[in-house]
Amino acid sequence: MTEAVDVQNLKVVVFQLADKEYVIPVTHVQGIEKLTHITRVPKTPSYVKGVINLRGVVTPIIDLRNRLGLGESNLNEASRIIIITLEEMNVGVIVDSANDVLDIPTDSIEPQPEVVGGFEEDYIAGVAKLDSRLLILLHMHLVLNPIKSGV
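Below is a summary of the structure that appears in this document. Each chain has its residues counted from 1, following the order in which its sequence is written. With the structure being a predicted model, the display of local features is reserved for residues of pLDDT at least 70 and the display and counting of side-chain atom pairs for 80 or more, all residues being used for whole-chain, interface and lining totals. Based on all heavy atoms of the structure, the side-chain values leave hydrogens and waters out of the count.

What follows is about the nonpolar core. Ranked by size, the top nonpolar core spans 25 residues in total, and within it Phe 15, Leu 64, Ile 82, Val 93, Leu 138 and Leu 144 carry the most contacts. Each helix is a run of H or I in the DSSP string that is no shorter than four residues. Each strand is a run of E no shorter than two, and both are numbered from the N terminus. Of all elements in the fold, only strand E1 (9-17), strand E2 (20-25), strand E6 (80-86), strand E7 (89-95), strand E11 (133-138) and helix H2 (140-144) reach the threshold of two or more residues within this core. At four residues, E7 tops the list of elements feeding residues into this core. Two residues qualify as a contact provided that any one of their heavy atoms is within 4.5 Å of a heavy atom in the partner residue. In contact with Leu 64, not counting residues within four places along its chain, are Phe 15, Leu 17, Val 93, Ile 94, Val 95, Leu 138 and Val 143. Residue types Ala, Val, Leu, Ile, Met, Phe, Trp, Tyr and Cys, when buried and joined through side-chain atoms within 4.5 Å, form a set referred to as a nonpolar core. Only protein chains enter the accessibility calculation, which uses a 1.4 Å probe; a residue is then buried when its area is under 20% of its type maximum, exposed when over 50%, and partly exposed in between. Grouped together as the second largest cluster of nonpolar side chains are nine residues, Val 12, Leu 102, Ile 104 and Ala 128 included.

What follows is the structure in structure tokens.
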């Protein structure tokens, strides 16, 4: 007997930024890396930290906390770089920590609340309630959109 694919759940990677939990679908995630040396690229926006050589591929790195208007990242042992592939573009995003991989029931995802009122609200696709946790689902194509023409 073969297993049916569960289309009622969305498999996501959970990560933290400024004491909030965010998620992105695992289909966009190519890997999670420890911090490594980042080579700065001149004349790029402040959220673009530079590039890394990841297994022979030059990959731009952005500070996701900075990009969402949450301030600069405080880099430490828990900080990670999540490698995201979107529309054949590889980008690494620095996050405070990458917690786990979860299956979120799609019926638990609600649209973005209208009272958010901040810079990051444009990038929020929805909010999932899972037990006592609130998980913020990001529109990664909007978050990364300006990167395409820059780096």
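Before going further, it helps to examine the pattern of salt bridges. For salt bridges, the criterion is a side-chain nitrogen of Lys or Arg within 4 Å of an Asp or Glu carboxyl oxygen. According to the stated counting rule, one finds seven salt bridges in the structure shown. Note that Arg 133 and Glu 21 form a salt bridge whose closest N and O atoms lie 2.7 Å from each other. Remark: Glu 21 occurs in strand E2 and Arg 133 occurs in strand E11; sequence separation between them is 112 residues. Residue classification places Arg 133 among the partly exposed positions, given a relative accessible area of 25%.

Right, let's talk about the sheet that holds E6 for a bit. Strand pairing requires that DSSP identify at least two bridges connecting the strands. Across the sheet, five strands lie side by side as E3-E6-E7-E5-E4; this open sheet has mixed pairing. Of all strands in the sheet, those with a lone pairing partner are strand E3 (29-34) and strand E4 (48-54), marking the two edges. Sheet twist, expressed as the mean angle between neighbouring strand axes with direction ignored, is 30 degrees. With five bridges connecting them, E3 and E6 associate as antiparallel partners. In the sheet register, Glu 33 faces E6, and the bridge partner there is Ile 81. Convention adopted: a line fitted to C-alpha atoms gives each axis, helices being fitted over their contacting stretch, and angles between N-to-C directions are expressed from 0 to 180 degrees.

Turning to the side chain of Glu 21, a few remarks are in order. Residue classification places Glu 21 among the buried residues on the basis of a relative accessible area of 17%. As used in this structure description, the phrase polar contact means that two N or O atoms lie within 3.5 Å; if the pair is within protein, one of them must be able to donate a hydrogen and the other to accept it, and residues adjacent in sequence are counted only when both atoms belong to side chains. Within the structure, the side chain of Glu 21 is placed 2.7 Å from the side chain of Arg 133, a separation counted as a polar contact. With sequence-adjacent residues up to four places away left out, Glu 21 is seen in contact with Val 14, Phe 15, Gln 16, Asn 99, Arg 133, Leu 134, Leu 135 and Ile 136.

Further remarks concern the pairing of strand E10 (residues 124-130). The side chains of a regular strand alternate, residue by residue, between the two faces of the sheet. Most of E10 sits inside the fold, with five of its seven residues counted as buried. Pairing geometry for E10 and E11, over six bridges, is antiparallel. Residue pairing across strands places Leu 130 opposite Arg 133, the latter belonging to E11. As consecutive antiparallel partners, E10 and E11 are separated by two residues, and within that stretch Asp 131 has a phi angle of approximately 55 degrees, a positive value.

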